[in-house]
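The primary structure of each chain is shown beneath.
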Amino acid sequence: MTLPDEAVAALARETGIDAQEIARRKAFLEFGETDVKLLTELHARLQDVARRFVDDFYAHLLKFDETRRFISDPSTLERLKQSQAAYFDSLTAGDYGHEYILRRLRVGVAHQRIGLEPKWYIGAYSKYLTGLLPELWRLLGGDPDKFLATYHALQKIVFLDMGLALDTYIQTDRRAILGLRRYAEDIIASLPAGLVVVDQELKVLSVNRPFREMFGLNNGEDVSGRELEDILPLPNLRQQMQAVLASGMALHGINAELGERRLRLTIAGTRLAEAHQLLLMLEDVSEHETQAQRIEQLAFYDPLTGLPNRALFMDRLKQVLAEAERRGQRVAILFMDLDRFKEINDTHGHAVGDQVLSEVARRFKGVLRQADTLARFGGDEFVIIAGEADQASAVHVAERLQQTLGDPIAVKGRPFSLGTSIGIAFYPEDGASSDELLKQADIAMYRAKAAGGGYRFYRPEMSAGLAKRLELAGRLSNALKAGQLQLHYQPIVNLRTKTISGAEALLRWNDPERGWVEPKEFIPIAEERRMMRAIGEWVLQEACRQLKTWQAAGLRFPGRLAVNKAWQETGLNLSGRLAVNIAAQQLEESEFVGKARVIVRAAGLTPDCLALELTESGLMANAERAIGMMEALKTAGFALSIDDFGTGYSSLTYLKRLPVDKLKIDISFVRDMINDSNDYTIVATIIAMGRTLGLKTLAEGVEEAAQAEALQALGCDEAQGYYFGYPEPAEVFAQKWLKTDVSG
């Protein structure tokens, strides 16, 4: 509930915060027009990083239970991000008038009411100041004086805001006063400069960690109550502190020397509750070079892996390309994306994922030449510059990178198996600019990922129709959200009885503008853009919904629907199931089995009414993982089929271990089996193999009576294809194939 302006104004009057008080506080902080000008100049330059900064800010808040509890759902998170972005924007907007002050006062009341303790609120200010430091250095590092002046201006407005919010928090709940001193010390302790707070007698109240480190004080050493001059023996320091206390005016830019150290001091007065205090900030000017190196590390290196980030990578690539142009050399760009990393993050958390990424970076770095550049672009994307490289050397690098992931990565005693998809592009033939080379390598990487991993060289034809594919991918994503996808159902027929024994749910897309889009056109794009998990989940949900709809309408699906007791007692032949295709990308998701069970149960069904079809090639991409996944699905009650059997090069060793019920003979063998003796022999062999292993066989793509008769003669159990029935919408399929249950 938002506090009305009148109530905030009344609270301001109670605490003595009026225009005169605000002016006095600004004067006390020496916050003037020069500071406003510096912040206003900074305002426009921060716009391009504002959203990223807010995202990083809330990523930090979500790590802690105390702050995460206020973020109940994605919509709340987005609302808070927008509010925080508006506040960060207002800090440098230059307008610090009446409305700005009211908003700051309202924050203190709101935080007290929701139970957000000041230590988290103050800590957020610390996160803002310390997080903004590298960005300020990037923008203003060329002018150290302006950098310091701008940073001081930010500190002043932040301290003004903190004072206002804390005053209203205290007024709202006076019992918080004693704790606020400690909380204020927390923020002081976390700031990067050395800070010490003293009372009116110049006795030390608190110091922060950088101050302790600067003057060799142990963390456990209690310095409170000591004379400031005992810790910091600087000439004229007492007189300067007393002058600030007497005048209320801060002193800035005081140069001092202590031994070999050159210091720059700022002395300002402050007030907590009714006590006047002094704040002394010290900057070790002699360590500016070290600080600059640290800031450069933050600006140009990935903090997790220590590898160059995108900014430094692009700078190095520009230099390498310029050198290659002068010398007439080739340069290879290898763009890498880890396979199966997302499930580690999703299942085990980002802390484990970070450790995995650090180990991946270490392994990658260990197999590269010293002259090569390895960078992390964020997430699980890595990029390499390999100078003076030809195709053979690029292949050598790619294969060594893949080999480094051959052994699982162990984190906290748990092994994680990863792969990598690599796209390779060359200068100058694939592109003359940095952006163009990265784009081509990225395209090749997606092709490698769509093919199940490994590496791919960029080829011009990969870009052919790229804009069309991207446009189609966008339309497909919108279609999924807008409910424009459909399932059509094709009957599966028992070859012996010539009756329907089940059906297969097949995905169809009728675009409002393009009309019907062929699956062979949009499925590869969905695989390439990693959309198959979301689509596959929708397919399973829709298939279950339709089965339940038929049940509610009193239609008897010829399969083991197990919908109610009356149907079970009729003695009807319910041996079939509805078949649903499962994408290879869904098998990469460790939570797939649990999700499938939840979806089926949410529809009011049981797993034994569904047959999940998995392609042979998808299973063989990671056979051991597939076996474990299929055993879990089988235990859950799902029937399992291998789709497109005969095309995936599976070995009998794996086949006999797969807990499947049925082999689906690929249409490519069935189509010409009557006229091609090789295809006929393959079909016969698969049927015989299935019989030997105790598996049913189903032939796909049966279009002629001769094919059906030959398949029956060979002992094939079931078939589907245009000869028996086309895939049709649920309503049409039900009219043709489903009967009304009359068992009562």
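Residues numbered from 1 in each chain as written. Predicted model: local features only at pLDDT ≥ 70, side-chain atom pairs only at ≥ 80, totals over all residues. Heavy atoms only, no water.

With that settled, the discussion passes to the overall build of the chain. What the chain contains, in helices and strands, is 33 helices and 24 strands. Sorting the 744 residues of the chain into buried and exposed places 49% on the buried side. A total of about 35,800 Å² of accessible surface is found on the chain, and carbon and sulfur atoms cover 50% of it. (Helix = DSSP H or I, 4+ residues; strand = E, 2+ residues; numbered from the N terminus. Buried < 20%, exposed > 50% of the residue type's maximum accessible area, 1.4 Å probe, protein only. Areas by Shrake-Rupley, 256 points an atom, 1.4 Å probe, with all protein chains shown as cover.)

A two-sided burial pattern is seen for strand E20 (residues 662–665), the buried positions comprising Lys662 and Lys664 on one face and Leu663 and Ile665 on the other. In terms of strand pairing, E20 meets strand E21 (residues 696–699) through 4 bridges, oriented parallel. Opposite lysine 664, over in E21, you have leucine 698 as the bridge partner. (Pairing = 2+ DSSP bridges.)

If you look at the biggest cluster of nonpolar residues, it comprises 80 residues, and the most contacted ones within it are Trp550, Leu610, Phe638 and Leu711. Counting residues per element, this core draws most heavily on helix H23 (residues 532–552), which supplies 9 residues. Formed by 45 residues, the second largest nonpolar core is a distinct cluster that contains Leu46, Leu136, Leu164 and Leu166. (Core = buried A, V, L, I, M, F, W, Y, C linked by side-chain atoms within 4.5 Å.)

Further remarks concern the side chain of histidine 488. Examined against the element boundaries, histidine 488 turns out to sit in strand E13 (residues 485–494). A polar contact is formed between the side chain of histidine 488 and the side chain of glutamine 486, at a distance of 3.3 Å. Once you skip the residues sitting within four places of it in the chain, histidine 488 turns out to touch Glu504, Ala505, Leu506, Arg508, Trp516, Pro727, Glu728 and Pro729. (Polar contact = N/O pair within 3.5 Å; in protein donor to acceptor, adjacent residues only side chain to side chain. Contact = heavy atoms within 4.5 Å.)

This part covers the side chain of aspartate 35. As for its placement among the helices and strands, aspartate 35 is situated in helix H3 (residues 33–45). Overall, the relative accessible area of 7% leaves aspartate 35 in the buried class. Those residues within four positions of aspartate 35 in sequence are excluded, and the remaining contacts are Glu30, Ala153 and Lys156.

This brings us to the sheet that holds strand E7 (residues 373–378). With mixed pairing, 5 strands are arranged side by side in an open sheet as E7-E8-E6-E11-E12. At either margin of the open sheet sits one strand with a lone partner, and together these are E7 and strand E12 (454–457). When strand polarity is set aside, the average angle formed by the axes of neighbouring strands in this sheet is 20°. Bridge analysis of strand E6 (residues 331–339) against strand E11 (residues 419–427) gives 9 bridges, and the strand direction is antiparallel. Across the sheet, residue aspartate 337 finds its bridge partner in E11, namely serine 421. Sitting on the sheet, helix H19 (residues 434–450) is in contact with E6, E7, strand E8 (381–387), E11 and E12, with an inclination near 145° to E11. (Axes fitted to C-alpha atoms, helices over the stretch in contact; angles between N-to-C directions.)

With 6 of its 7 residues buried, strand E19 (residues 639–645) lies for the most part within the structure. Strand direction decides the pairing type here: strand E18 (residues 610–615) and E19, joined by 5 bridges, are parallel. Bridged to threonine 615 within E19 is aspartate 643. Pairing of E19 with E20, which is carried by 3 bridges, proceeds in the parallel orientation. The residue bridging phenylalanine 645 from the neighbouring strand is isoleucine 665, located in E20.

With that settled, consider the pattern of salt bridges. What the rule picks out here adds up to 33 salt bridges. Residues lysine 156 and aspartate 35 are paired through a salt bridge, measuring 3.3 Å at the closest nitrogen-oxygen approach. Separated by 121 residues along the polypeptide, lysine 156 in helix H9 (residues 144–172) and aspartate 35 in helix H3 bring together distant segments of the chain. As far as the burial class goes, lysine 156 and aspartate 35 line up, both buried. (Salt bridge = Lys/Arg side-chain N within 4 Å of Asp/Glu carboxyl O.)

In the segment running from tyrosine 427 into proline 428, the intervening peptide bond is cis, with an omega of 5°. By secondary structure assignment, the location of proline 428 is in the loop between E11 and H19.

We now examine the environment of aspartate 430. Here aspartate 430 is to be found in the loop between E11 and H19. For aspartate 430, a relative accessible area of 11% puts it in the buried group. Sequence separation between aspartate 430 and alanine 441 is 11 residues, and the spatial gap between their C-alpha atoms is 8.9 Å.

With that out of the way, let us pick up helix H22 (residues 519–528). By the burial criterion, the buried members of H22 are Phe522, Ile525, Ala526 and Glu528. Burial along H22 is one-sided: seen end-on, the buried residues are contained in an arc of 160°. (Arc of directions from axis to C-beta.)

This brings us to the confidence of the model for the chain. Low pLDDT means the predicted coordinates in that region are not meant to be read closely. Per-residue pLDDT for the chain averages 82, and the proportion of residues at 70 or more is 86%. Per-element confidence in the chain ranges from a low mean pLDDT of 24 for helix H24 (residues 565–568) to a high of 95 for helix H32 (residues 705–714). pLDDT under 50 marks residues 560–576. Its contacts with residues more than four places away, or in other chains, come to 29 contacts. (pLDDT = per-residue confidence, 0-100.)

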